[in-house]
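# Secondary and tertiary structure notes
Spelled out from the first residue to the last, the chains are:
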Amino acid sequence: MKTSENPAPTTAGRSFRLLCSPEETPRVEALLQAQGYRFEPEPFSPFCRRLLDEPRPLGASLAAFFGYIYIQDRSSMLPPLALAPEEGSCVLDVCASPGSKTGFLAQLVGKNGFVLGNEPSRARLATLRANMHACNLLSVSTCTYEGQALPLRPGSWEAIQLDPPCSGWGTVEKHPRVMELWQGEKVQPLVGLQRLLLRQASALLAPGGKLVYSTCTTNVAENEEQVRFAEEELGLERLALTPFPGFVWEELPGGEGTLRVDGQRSVAQGFYVALFRKPYGIVESVPAPLPEPSDARSSRRGGKNPAKREQPGQELPREALAGPCCDPALLPPGRVMLYGDQVRFLPEDAARLLPPDMIWQGALLGKFAGGRLHPAPRLRALLPRRPDAGTALVLDSPDDLTALLSGQSRRTELEGREAALWWQDLPLGRVSLKQGRVVATFS
């Protein structure tokens, strides 16, 4: 076994991603610092930070509440960086919940890209959607299918992320019994599922496209042996990954060009990442399935509670969204659709990549009632770029924000029924107005 020494941080603090533009980064960091958090840059990505001082749980911070940071193990940040999708490109995430990698992919492709996050588990789908909504990632759409039976067109995706169910041996520090629970024959169903998912991902991958395969386990059968399967049985080409700084790496026989994180010495989860490319001219041994009728798919996926098909939506003109808390000019290319009273955004590339009979969901913008949009309280992505004195509540103190979120109302001179909420010059979301008094209704 080879070991690659790439010194890891000495602090045992947690890591997180910033979910903001480069221009907003200083403001988000200032909000964290105003609440007493200290952190340093991770060496492998400008989006990532590592905590040095956590005076209260980071998940309770204002930055986390308003979706400006995402807490994530540093090893888990590597698969999207290994796939490295170009800005404006489209990515399929086969097993997406809770959304940590899905969200990072959305950051990398930017507002004009498209990420489809598929989560086979209906219970976990709700978590995925809630996280993507809180993070204001309008380029992410979601669906729920068994990953090995995704009803997508063969050869249609240029980039695919596959982080399948695994034994989780790399999380033993957090879950001491994991290696006891997943031993011997108990792992074989996981190995079989991973191969089915790899086969399907290969079928969906376009010639020349890239696929990242990753696990949070140290089990060779789920890592190096799966790489060999992808090469020998599926015809995929292994692409050598350059080790990311800030980690200590191991290399086992058969793992050349892949990345295996030494979890203990890297102060992170044990993790494995491999990158493949699909050669031109490859012949599929098992083609990806074409879309089936909705009743057949629902029966196959859903058990006792299959998904209900949404009624056909009505397209809304973008100007119908305009208001003090929504600037529709900030929307990326795509359509605004009304389903019942819910307004959702459908990225432009979705029409090209997703079959007409497929069941999926775009990002929630809010509700439409009384002839106007009532933006979702957390929809900060479409707030005007600068606060307007007549339509915005600007607070300078984190304590004032915390008081508002705890249920205290605040008297203002603002008129109307809603206002944009800002911390200094950082947009946060939407609040309701009742005779000039602000009421925060974030959920």
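What you see is a predicted model, and the numbers here were worked out from it, not measured in a lab.

### Quick notes on helix α7 (residues 188-204)
- Relative to the 24 Å expected for 17 residues at 1.5 Å per residue, α7 spans 25 Å between its end C-alpha atoms, a close match to the ideal helical length.
- Within α7, the full set of buried residues consists of Leu190, Val191, Gln194, Leu197, Leu198, Gln200, Ala201, Ser202, Ala203 and Leu204.
- Contact partners of the buried residues in α7: β6 (90-93), β9 (157-162), β10 (205-215) and α8 (224-232).

### Some remarks on the sheet that holds strand β23 (residues 426-434)
- Ordered in space as β20-β22-β23-β24-β21, the five strands form an open sheet in which the pairing is mixed. Two strands bound the open sheet, and with one partner strand each, they are β20 (392-395) and β21 (410-411).
- Sitting on the sheet, helix α1 (residues 25-34) is in contact with β22 (418-423) and β23, with an inclination near 75° to β22.

### A few points about unusual backbone geometry
- Omega for the bond connecting serine 97 with proline 98 falls within 30 degrees of zero, at 10°, which places this linkage in the cis form.
- Unusually for a residue other than glycine, glutamine 424 sits at a positive phi of about 55°.
- Of note, glutamine 424 is situated in the loop between β22 and β23.
- Of note, glutamine 435 is a non-glycine position whose phi angle comes to about 55°, a positive value.
- As for its placement among the helices and strands, glutamine 435 is situated in the loop between β23 and β24 (437-439).

### Some thoughts on the sheet that holds strand β2 (residues 15-18)
- Read from one edge of the open sheet, four strands run β3-β4-β2-β5, paired in antiparallel fashion. Looking along the sheet, the strands with just one partner apiece sit at the ends: β3 (38-41) and β5 (69-71). Neighbour to neighbour, the strand axes of the sheet diverge by 35° on average, direction disregarded.
- Here three bridges tie β2 to β5, and the two strands are oriented antiparallel to one another. Looking at β5, one finds that arginine 17 is bridged to tyrosine 70.

### Re the packing of α7 against α8
- The contact between α7 and α8 brings their axes to 11 Å, and the two run at 35°. In terms of crossing hand, the pair formed by α7 and α8 is right-handed. Facing α7, whose interface residues are Val191, Gln194, Arg195, Leu198 and Arg199, α8 presents Glu225, Gln226 and Phe229.
- The class makeup of the residues in the contact of α7 with α8 is three nonpolar, two polar and three charged.

### Brief notes about the pairing of strand β14 (residues 271-277)
- Buried residues dominate β14, accounting for six of its seven residues.
- Bridge analysis of β10 against β14 gives six bridges, and the strand direction is antiparallel. Looking across to β14, one finds that threonine 215 is bridged to tyrosine 272.
- For strand β13 (residues 259-261) and β14, the ladder comprises three bridges, and the chain directions are antiparallel. In the sheet register, leucine 259 faces β14, and the bridge partner there is valine 273.

### Focus: the packing of aromatic side chains
- Across all of its chains, the model carries eight aromatic pairs by this definition.
- When the ring of phenylalanine 247 is compared with that of tryptophan 249, the centres are 5.3 Å apart and the planes differ by 40°; the resulting orientation is tilted. Of the two residues, phenylalanine 247 and tryptophan 249, neither departs from the other in class, the shared state being buried.
- Cluster of aromatic residues (ring-pair linked, three or more members): Phe44, Phe247 and Trp249.
- Positioned above the aromatic ring of phenylalanine 247 is the side chain of arginine 74, whose terminal nitrogen or guanidinium carbon lies 4.3 Å from the ring centre.
- Note that arginine 378 overlies the ring of phenylalanine 65, its terminal NZ or CZ placed 4.4 Å from the centroid.

### Remarks on the pattern of salt bridges
- Counted by the stated rule, this structure contains 14 salt bridges.
- Where aspartate 262 meets arginine 265, a salt bridge forms, and the shortest distance between an N and an O atom there is 3.0 Å.
- Take arginine 265: its relative accessible area is 37%, and that puts it in the partly exposed class.
- Within this structure, Glu42, Arg50 and Arg74 form a network of salt bridges that share partners.

### Here we look at the confidence of the model for the protein
- The pLDDT averaged across the protein works out to 89; a share of 87% of its residues lies at or above 70.
- pLDDT under 50 marks residues 290-310. Its contacts with residues more than four places away, or in other chains, come to 32 contacts.

### Structural notes on the environment of alanine 350
- Inspection of the secondary structure puts alanine 350 in helix α11 (residues 348-353).
- Relative accessible area serves as the criterion here: at 2%, alanine 350 is assigned to the buried category.
- Setting aside anything within four residues of it in sequence, one finds alanine 350 in contact with Phe114 and Trp360.

### Some words on the pairing of strand β16 (residues 334-339)
- The pairing of strand β15 (residues 314-315) with β16 spans two bridges and is antiparallel. Across the sheet, the residue bridging to glutamate 315 is methionine 337, located in β16.
- Both β16 and strand β17 (residues 342-347) contribute to a ladder of six bridges, which runs antiparallel. Looking across to β17, one finds that methionine 337 is bridged to arginine 344.
- Taking the residues between adjacent antiparallel strands as the criterion, β16 and β17 are bridged by two residues, where glycine 340 takes a positive phi near 65°.

Reading guide: rules and limits
Residues numbered from 1 in each chain as written. Predicted model: local features only at pLDDT ≥ 70, side-chain atom pairs only at ≥ 80, totals over all residues. Heavy atoms only, no water. Helix = DSSP H or I, 4+ residues; strand = E, 2+ residues; numbered from the N terminus. Expected span 1.5 Å × (residues − 1). Buried < 20%, exposed > 50% of the residue type's maximum accessible area, 1.4 Å probe, protein only. Contact = heavy atoms within 4.5 Å. Pairing = 2+ DSSP bridges. Axes fitted to C-alpha atoms, helices over the stretch in contact; angles between N-to-C directions. Left-handed = near helix turned anticlockwise from the far one by under 90°. Nonpolar A, V, L, I, M, F, W, Y, C, P; charged D, E, K, R; others polar. Phe/Tyr/Trp six-rings, centres within 6.5 Å; stacked < 30°, edge-to-face > 60°. Lys NZ or Arg CZ within 6 Å of the ring centre and 35° of its normal. Salt bridge = Lys/Arg side-chain N within 4 Å of Asp/Glu carboxyl O. pLDDT = per-residue confidence, 0-100.

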